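Given next are the chains, with one letter for each unit.
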Amino acid sequence: MLVMEKNFLQEEIEKLVETFGNSRSALIPILQEIQKKHHYISEFAQQEVARLLDIHPVEVYSVISFYAFLSSEPKGRNIVRLCQTITCDLAGKYSVAKAIERELGIAFGETTKDNRISLEYTNCVGMCDQGPAMLINDKVYTRLSPEKAVEIINEIK
Amino acid sequence: MSDKEGRAPESQKPLVVEKPDDTSKIGGMVSMEINERKVQVPLGTTILEACRQNDIHIPTLCHHDDLCTAGVCRVCVVEVEGMRTLQAACAYPVTNPLKIKTSTPLVRKARKHIIDLLISEHYGECYSCFRNNNCELQSLAKEYGVDHYNFGHVQKPRYEIDKSSFSVVRDLDKCVLCKRCVRTCIDLQEVGVLEAIDRGDKTRIDTFMDKPLADVICINCGQCINRCPTGALRANDPRDEIWAAIDDPNKHVVMQTAPSPRAAIAEEFGIPAGKSMTGEMNTAIRRLGFDKVFDTNFTADLTIMEEGTELIIRLFQALVEKKEGVALPQFTSCSPGWVKYLEHFYPEYIPNLSSAKSPQQMFGALIKTYYAKENNIDPKDVVSVALMPCAAKKFECNRPEMTDSGYKDVDFGLTTRELAQMIKEGGIHLPEMPQTHFDDPFGDASGAGLIFGATGGVMEAAIRTVVELVTGKKAEDLFENANVMPVRGFEGVKYAELPIPVVGPVPEILKALVPNWDWLKGATLKVAVCHGTANAKKVMDDIKAGGKFSECHFIEFMACPGGCLGGGGQPIPTTPEIRKARAKAIYTEDESLPLRKSHENEHVASIYDKFLTDGPCGHISHKLLHTHYTPRGKYID
Ligand code: SF4
Ligand code: SF4
Ligand code: SF4
Ligand code: FES
Ligand code: FES
C-alpha cells in the first residue's frame, strides 16, 4: 500500500474512532463502516483499528472472519448472496445459481474482473416461504427464477 | 500474576463473583451439598473449586489455573438441582445454597458424548505425538473409557504443520479449540498472536491473516505450549541434530545448563515438583555422550559483572558527569522473550536495554573462543548446546548478530522437556544417577547465578554484588543471610528502594571507571521486578507516562510468569503451585552453596585476568559479551 493511501486510511479510521469511541464494543460499527466504503478491511486497516482500540490485530481479524458481512479480502462493489439452505435448495436454488454463474462468467466465491459483483452463498435469510431467495448487498430478492435472477443481476451497477 | 479477567469484553466475561475478604461476615460463606455431602464454601467459589477442595474430581479441559475462565469445552458439567440443563462447574460461582451431583448417569453420559465429539474432530496418532502419556485429551479418553469412535473420526490431516518459527511448532489438527493458548498469549503475555478464526466447523486457532508464526509478532516465549492440553503446540525440537553431533567422532559437543531445568527436570521422571537434580543431570548428560557439561550460572555471574558495571557507568554519567540523554532506568536483557517484546512494542526504549548478552549467549561466545583456545580445539568442531527452560532461547541463538566468536555462538537451544526425552531415549532413569559436578574451567558458579531462574533473581544477584562493591560491607549485614526478600515472590510487579547510607573504597576491578563512590553516598537505589509480559506492559506504560517506574534505576523484566522456572520449555504442566515448588528448590540450593555472590566467583575473576583483560565493559568484553538490538515495531506488512 502506498504511503499516501495509508495516511488517508489512517485519518479515516481515526475519525471513525472519534465517532464510535475506542471501547471494544465500537469494533463492529467501525469495521462495518470500513467495509461499506472499501468493500473489504485491509491488513493495514485492521492493524490501525487494533492500535486505536488497544487490542491485538488478530482479535480484529477474528471478528472479521466470524461475520460473513465483513471481509479481509478485496470484494466486488456489490455482493450477491444466494441462499443455500434446504428450503431454497428444494425450491430451485441450483438452476438459479447456474444461470447467474453463466451470466457473469464466474463461479460462486469469485469476483467479476471489473469488480462489479462478488458471488457468495449464504445460509437461510429468513425468506424460506418465498424461496429461492438472495441478498444483494442488504436488499432481499425472493421467488427467484433463473430468468428473473439474471434480469436483477444485470441491473446492478 | 496479571489481572485474571484479562481484557475480555464485558459481554464475554463469564460470571465471576469476587470472594469476600472476610468470610466470617454474614453471607461470607455459602452452604452447598455435593453428592449429598454438606459443605461450606466462601461466596463466589466456583463449583469446580468447591469440588476440588472436597477431593471430588471433576474432569476439565479448557480450565487452567493460570487463566481466566472460558467455559467453552463443557467437559466439567454437573447436575445442579433446579436447573433445567447441566452446568459447567468451572464457570458457575456459588452465590446461594446449592445441591449438586457430580456423577449421575446423565452427567456421565453427557461428558462421554462431549469427549467423543472432541475426538471426532481430532486428527492425531498418540504414539507419534510428543504429548503421548501427558495429554489431557488422551487422559480424558482413558478416564471415560473411549474404545471406539462414536461420532466418527477425522481420517486425513486437514492442516499443514506450521514449522516456520524457531521456537513454536503448530499442528492445528490436534487442536481441540480450548482457547487456552489464546488466553495465555493475550492475558498473560499481552502479545496477542492467536485467536479463533472463522466459525462453525471451520473454526481454528490461527494468527493474524493466517500468516506463518515466524511472520507475525510472536515473542517465542512458548507459554502457549505449556498451557496447551494437547500436542497442537510444541517446541521446535533439535534432538535429532544433537544426537547426530554426539554420534560424530569429529565433533566436540558441549552442554551449558541454565539454572531452571535442574530444578524441574525431575518432574519428567514422576517426581513431585520441588526437587533439584543438578548432580544427577550432569551425570546423565555425560552418559548421553556430551563431552563437557558447563554451568550457565557461571555466565550469569559474568552477566552481573557486566550488567552491574554498565549500570554504574550509566549512573555515573547521569549523576556526576550530568550527561544528557543517559538511558535510565536500565532494563535487564537476559530474557529473549522480553527483548523481542520490547523490540516490537516499545522500540523507542531500546537504549534502556542493557547491552550485555544473556548468559546463554555470553557462554556461547566464550566456548568457541576462550574455551576452544585453552583446550586446543578448533572452534568449527565445537557443537554448543544450551539446556534452557525456554522456547525463546531457540530464537535467540539463531539471531544473525549472535556470531561474535566467528561461528554460530550457540548451535542449539534444548528445552528441559527435550533433554528429559533424550535421557529416556538413552535408557537412563534420572533419579538413579550418581551425582557429579560441572566441568572446568567454568565449573563453579555462585548461588547468585542460580537464582536467575526465579523472578527477582537477577535483581537479587545484582543487589548482592552492587551493595558489596559500593558500600564495602557484607550483603549479610544489610539483608539477613544475604536473602533480598523484597524482590522475591510471585507478585506481578515488585518495587523496592535500597538506601546507600555509607560507601567504601572502589574495588580494583572498577578503578578505571569511577574515582570514588562519594556521589552515591546517601542515595537511594530504586529497583523494580516484573514477570509475564502483561506485567511488563504495565511497567512500560507507567514509564511512558512518567510514573513511579520511570524514576527507577534498574528494572528486571522476565517474559515468563514466575521467571525462567515457569519458562515455555519446562515440564508440562506448569501451575502456580508448581512454580512455587520450583522456586523453593532454587532458593534452597542457593542457600546451600558456599559461594553466593557473583563478584566472589574466582573463575570469573580469572577470566578477567586471562582473557577479558580490559575488565567489565572493556573492549574485549564489548566485542564478545555485548550486543545490539533491532527495532521491529508492531506492524506486519
Ligand atoms: S494430542 Fe493427545 S490425543 Fe492427540 S495424538 Fe497427541 S497424545 Fe494423542
Ligand atoms: S510463544 Fe508466546 S508470544 Fe508466541 S504465540 Fe506463544 S504465548 Fe504468544
Ligand atoms: S492450540 Fe492447544 S491450547 Fe490452543 S486452542 Fe488448541 S488445544 Fe487449546
Ligand atoms: S432456506 Fe433460504 S431463506 Fe430460509
Ligand atoms: S473445563 Fe469447564 S467448560 Fe471447559
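Residues numbered from 1 in each chain as written. Chains lettered and ligands numbered in written order. Predicted model: local features only at pLDDT ≥ 70, side-chain atom pairs only at ≥ 80, totals over all residues. Heavy atoms only, no water.

1. A word on the overall build of chain B
Looking only at helices and strands, chain B has 20 helices and 17 strands in total. Here chain B has a C-alpha radius of gyration of 26 Å; the compact-globule value for 637 residues is 26 Å, and the two agree. Of all 637 residues assigned to chain B, the portion counted as buried reaches 60%. Of the side chains in chain B, 75 bear a positive and 86 a negative charge, and the two mean positions are spaced by 4 Å. (Helix = DSSP H or I, 4+ residues; strand = E, 2+ residues; numbered from the N terminus. Rg over C-alpha atoms; globule rule 2.2 N^0.38 Å. Buried < 20%, exposed > 50% of the residue type's maximum accessible area, 1.4 Å probe, protein only. Lys, Arg positive; Asp, Glu negative; His and termini not counted. Charge placed at Lys NZ, Arg CZ, Asp CG, Glu CD.)

2. Things to note about the environment of B:Tyr123
Residues and elements named next belong to chain B. Tracing the backbone shows tyrosine 123 in the loop between α2 (105-120) and α3 (136-143). Accessibility expressed as a relative area gives 22% for tyrosine 123, which makes it partly exposed. Through-space distance from the C-alpha of tyrosine 123 to that of threonine 69 is 26 Å; in sequence the pair is 54 residues apart. The contact partners of tyrosine 123, leaving out residues within four places of it in the chain, are Val154, Gln155, Lys156, Pro157, Asp173 and Lys174. (Contact = heavy atoms within 4.5 Å.)

3. Quick notes on α2(B)
Residue and element names in this part refer to chain B. For α2, spanning 16 residues, the distance from its first C-alpha to its last is 22 Å, which sits close to the expected 22 Å at 1.5 Å a residue. Every buried residue of α2 is accounted for by Val107, Ala110, Arg111, Ile114, Ile115, Asp116, Leu118, Ile119 and Ser120. Looking at the packing, one finds that the buried side of α2 touches β3 (77-80), β5 (98-101) and α3. (Expected span 1.5 Å × (residues − 1).)

4. Here's the deal with the pattern of salt bridges
Residues and elements named next belong to chain B. Evaluated as defined, the whole model comprises 57 salt bridges over all chains. Notably, a salt bridge pairs aspartate 198 with arginine 204, separated by 3.0 Å at the nearest N-O pair. By relative accessible area, which is 13% here, arginine 204 ends up buried. Two residues, glutamate 310 and arginine 314, come together in a salt bridge whose shortest N-O distance is 2.6 Å. Pair noted here: glutamate 310 and arginine 314 are both in helix α9 (residues 296-319), with a separation of four residues, about one helical turn. One exposure class covers both glutamate 310 and arginine 314, and it is buried. Overlapping salt bridges bring together Asp162, Arg170, Asp198, Arg204, Asp206 and Asp210 as one network. (Salt bridge = Lys/Arg side-chain N within 4 Å of Asp/Glu carboxyl O.)

5. Quick word on the environment of B:Ile285
Along the chain, B:Ile285 turns up in helix α8 (residues 278-288). Residues in contact with B:Ile285, not counting those within four places in the same chain, are B:Met255, B:Thr257, B:Phe290, B:Val293 and B:Leu419.

6. So, the interface of chain B and chain A
Each partner contributes to the interface: chain B provides 25 residues, whereas chain A provides 22 residues. For the pair chain B and chain A, the summed buried area comes to about 2,000 Å², and 52% of that belongs to carbon and sulfur atoms. There are two salt bridges connecting chain B and chain A. Put simply, chain B and chain A have ten residue pairs in polar contact (both at pLDDT 80 or more) between them. Breaking the side of chain B that touches chain A down by element, the ones donating at least two residues are β7 (195-197) and β8 (204-206) of chain B. For the side of chain B that touches chain A, the element with the most residues is β7(B), which contributes three residues. A breakdown of the residues in the side of chain B that touches chain A according to their chemical character gives eleven nonpolar, two polar and twelve charged. (Buried area = accessible area lost by both parts, 1.4 Å probe. Polar contact = N/O pair within 3.5 Å; in protein donor to acceptor, adjacent residues only side chain to side chain. Nonpolar A, V, L, I, M, F, W, Y, C, P; charged D, E, K, R; others polar.)

7. Let's talk about helix α18 (residues 576-592) of chain B
Residue and element names in this part refer to chain B. If you check α18, its first and last C-alpha atoms are 25 Å apart, about what 17 residues at 1.5 Å a residue would give, namely 24 Å. Turning to α18, its buried residues number three or more, namely Ile578, Arg579, Ala581, Arg582, Ala583, Ala585, Ile586, Tyr587, Glu589 and Asp590. Where the residues of α18 are buried, they touch α5 (223-227), α7 (259-262), α8, α14 (447-450) and α15 (457-471).

8. Structural notes on the nonpolar core
Residues and elements named next belong to chain B. Phe331, Trp338, Leu342, Met540, Ile555 and Phe557 are the most contacted members of the largest nonpolar core, which totals 53 residues. Here the element with the most residues in this core is helix α10 (residues 336-345); it accounts for five residues. When residues are assigned to domains, this core turns out to be shared by domain 2 (115-235) and domain 3 (299-356 + 445-625), each giving three or more. Setting aside residues no more than four positions away along its own chain, leucine 342 makes contact with Phe331, Pro347, Tyr349, Ile350, Leu353 and Met540. (Core = buried A, V, L, I, M, F, W, Y, C linked by side-chain atoms within 4.5 Å. Domains from an automatic or database assignment.)

9. Remarks on the domain arrangement of chain B
Under the domain assignment, chain B is made up of domain 1 (10-103), domain 2 (115-235) and domain 3 (299-356 + 445-625). Put simply, the middle of domain 1 of chain B and the middle of domain 3 of chain B, counted by C-alpha atoms, are 42 Å apart.

10. Structural notes on unusual backbone geometry
A cis amide bond, omega 10°, links B:Asp440 with the succeeding residue B:Pro441. Looking at where B:Pro441 falls in the secondary structure, it is placed in the loop between α13 (416-425) and α14. The peptide bond linking B:Ile572 to B:Pro573 adopts the cis configuration, its omega dihedral lying at 5°. You can see B:Pro573 is positioned in the loop between β17 (554-558) and α18. Although it is not a glycine, A:Asn137 sits at a positive phi angle of roughly 50°. Here A:Asn137 shows up in the loop between β3 (134-136) and β4 (139-141). Residue classification places A:Asn137 among the partly exposed residues on the basis of a relative accessible area of 29%. In the Ramachandran plot, B:Asp55 falls in the positive-phi region, its phi being about 55° despite a non-glycine side chain. When you line up the elements, B:Asp55 lands in the loop between α1 (47-53) and β3.

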